[in-house]
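So the chains spell out like this:
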Amino acid sequence: MKIAILSQDSSLYSTRRLREAGEAQGHEMQIINYLRCYMNITAHKPAIIYRGKTLEDFEAVIPRIGASRTFYGTAVVRQFEVMGVFSANDSQAISRSRDKLRCLQILARKGIGLPVTGCAHATEDIDGLIENVGGAPLVIKLLEGTQGIGVVLAETHQAAKSVIEAFRGLDANILVQEYIKEAEGADIRCFVIGDKVVASMKRQGAEGEFRSNLHRGGKAEKIRLTPEERSTAVRAVKAMGLRVAGVDLLRSNHGALVLEINSSPGLEGIENTTSIDVAGKIIDFVAKSAIQVKTRNDTQY
Ligand code: ADP
């Protein structure tokens, strides 16, 4: 099968591993820098042109869209969809998952456990907002932040108020969340493919750090999930309409709480920590799903 990996950088670990895993399974793999694709948006012959050549005969794409390139990246994925090519994650689900607030609202609607979370626009409403999520200590997050940047723990009401005022003064959108102290600076990354968690790891923040991000000096180790954690992760991915995703959970006194969902989860941390061939499992899933979708479409006419 001819499979495209949509990635800005062919030297990235995840991109390389997906290519290797696909070739090992006998597929023809091509890495395509989606920022260099241009499109012909017509009903009779929609096309994508890459470095001057029309892309043809692809049966599946694996999008690895950078957070700052969501707009153009999802437009390219959508164009593949228009052309009838199966995508590991739908363009619409990728866009949805990139908005942290929207993501939490969708999960809440499906009854999935989340830390108590609030958001507000006007600085006049800050006191009410803080009380509404149970008061300090609490976590304040920049909606546009990634890798733990813009995630602040405010120990007191006054500190929380000052931070929120500062962020809002810069016109940054934020959300405010109850602090899950019992997580003790650790979170759990569940790697979900289809309806299964295929690998999981616990990330522990550096000494004195409540954020467990590996980019912030956190350390990862293998972990066994409880059945409840597995089902929460799978339900969360399904609720978002994703098929391949990383789900971050916090272990709280009242069970697993979803922190966020990543539609282009990195492979390096999870493969090195668990020694599981996650890339191979993605390829396997994508190839099987592409065939199923094609058969279904062919038999509809
Ligand atoms: P980012 O998307 O920037 O990684 P997260 O929301 O995942 O932001 O937060 C970064 C880290 O901070 C998490 O991995 C977790 O360890 C910690 N954290 C985030 N929210 C909470 C919370 N409500 N309670 C306790 N720890 C939290």
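In short, a report on the structure.

Reading the values: the criteria
- Here the residue numbering is sequential within each chain, running from 1 through the sequence in written order.
- With pLDDT at 70 or above as the cut-off, local features in this predicted model cover only qualifying residues; side-chain atom pairs require 80 or more to be listed or tallied, and sums for whole chains, interfaces and linings still use all residues.
- With hydrogens and water excluded, all non-hydrogen atoms of the structure serve as input to the side-chain values.
- We place a 1 Å grid over just the protein atoms. Points where a 1.4 Å probe fits but has no way out form a cavity, open points with protein on both sides within 12 Å along at least 5 of 7 lines form a pocket, and any residue with an atom within 4 Å of a point lines it.
- Grid points are joined across faces, edges and corners, and a volume is the space filled by probe spheres set on the points.
- Note on residue classes: Ala, Val, Leu, Ile, Met, Phe, Trp, Tyr, Cys and Pro are nonpolar, Asp, Glu, Lys and Arg are charged, and everything else, Gly too, is polar.
- In the sections that follow, a salt bridge refers to a side-chain nitrogen of Lys or Arg positioned within 4 Å of a carboxyl oxygen of Asp or Glu.
- Helix numbering and strand numbering both begin at the N terminus, where a helix is a DSSP run of H or I of at least 4 residues and a strand a DSSP run of E of at least 2.
- For every residue, the accessible area (1.4 Å probe, protein chains only) is compared with the maximum for its type, and the residue is labelled buried under 20%, exposed over 50%, or partly exposed between those bounds.
- Note on contacts: a residue pair qualifies if any of its non-hydrogen atoms lie within 4.5 Å across the two residues.
- Residues belong to a common nonpolar core when they are buried Ala, Val, Leu, Ile, Met, Phe, Trp, Tyr or Cys residues joined through side-chain atoms within 4.5 Å.
- Note on terminology: near, applied to a residue and a molecule or strand, indicates that one of the residue's heavy atoms is within 4 Å of it.
- Within 3.5 Å is the distance limit for a polar contact, defined as a pair of N or O atoms, with the added protein rule that one can donate a hydrogen and the other accept it, and that residues adjacent in sequence qualify only through two side-chain atoms.
- Per-residue and other accessible areas follow the Shrake-Rupley method at a 1.4 Å probe size, with only the shown protein chains counted as cover for residues.
- Patch criteria: residues need more than 30% relative accessible area and no salt bridge. Like-charged residues are merged within 9 Å; nonpolar side chains of Val, Leu, Ile, Met, Phe, Trp and Tyr are merged within 5 Å.
- When charges are counted, Lys and Arg are positive and Asp and Glu negative, with His and the chain ends excluded.
- All charge positions are set by atom: Lys at NZ, Arg at CZ, Asp at CG, Glu at CD.

Let's shift gears to empty space enclosed by the protein. Under the criterion given, the structure shown has one cavity of 30 Å³ or more. There is about 50 Å³ of room inside the largest cavity. Forming the walls of the largest cavity are Leu-18, Ile-62, Pro-63, Arg-64, Ala-88, Asn-89, Val-244, Ser-263, Pro-265 and Ile-282. A class-by-class count of the residues in the lining of the largest cavity yields seven nonpolar, two polar and one charged.

Let's shift gears to the pattern of salt bridges. Opposite charge on two side chains allows them to pair when their charged atoms are near. Tallied over the entire structure, the rule returns 13 salt bridges. The shortest N-O distance in the salt bridge between Arg-203 and Asp-248 comes to 3.0 Å. One end of the pair, Arg-203, is in strand S13 (residues 196–204); the other, Asp-248, is in strand S15 (residues 244–252), with 45 residues separating them in the sequence. The residues Arg-203 and Asp-248 share a single accessibility class, namely buried. Among the ionic contacts, a cluster of salt bridges with common partners joins Arg-17, Glu-20, Glu-271 and Asp-277.

This next bit is on the side chain of Ser-7. Examined against the element boundaries, Ser-7 turns out to sit in the loop between strand S1 (2–6) and helix H1 (13–24). If we skip the residues at most four places from it in the chain, Ser-7 touches Leu-12, Thr-15, Ile-31, Ile-32, Asn-33, Tyr-34 and Arg-64.

Side chains that are nonpolar tend, in soluble globular proteins, to be buried together. Ranked by size, the top nonpolar core spans 28 residues in total, and within it Leu-107, Cys-190, Val-247, Val-258 and Ile-261 carry the most contacts. Among the elements of the structure, helix H4 (100–109), strand S12 (186–193), helix H7 (227–240), S15 and strand S16 (255–262) are those that each provide at least two residues to this core. Take this core: its biggest share by element is six residues, from H7. Counting 25 residues, the second largest nonpolar core, distinct from the first, contains Tyr-13, Ile-62, Val-198 and Ala-199.

Turning our eyes to something else, we now look at the site of the ligand. Around the ligand sit 19 residues, and of these Lys-141, Gly-148, Asp-187, Asn-213 and Glu-260 come closest. In the environment of the ligand, a nitrogen atom lies 2.9 Å from a nitrogen or oxygen atom belonging to the backbone of Ile-180. Taking 540 Å² as the accessible area of the ligand by itself, protein coverage stands at 97%. Secondary-structure elements contributing two or more residues to the shell around the ligand are strand S9 (138–142), strand S11 (174–178) and S16.

Taken together, Glu-28, Glu-56, Asp-57 and Glu-59 make up a surface patch of like negative charges. Along the polypeptide, Glu-56 turns up in the loop between strand S5 (53–54) and strand S6 (60–63).

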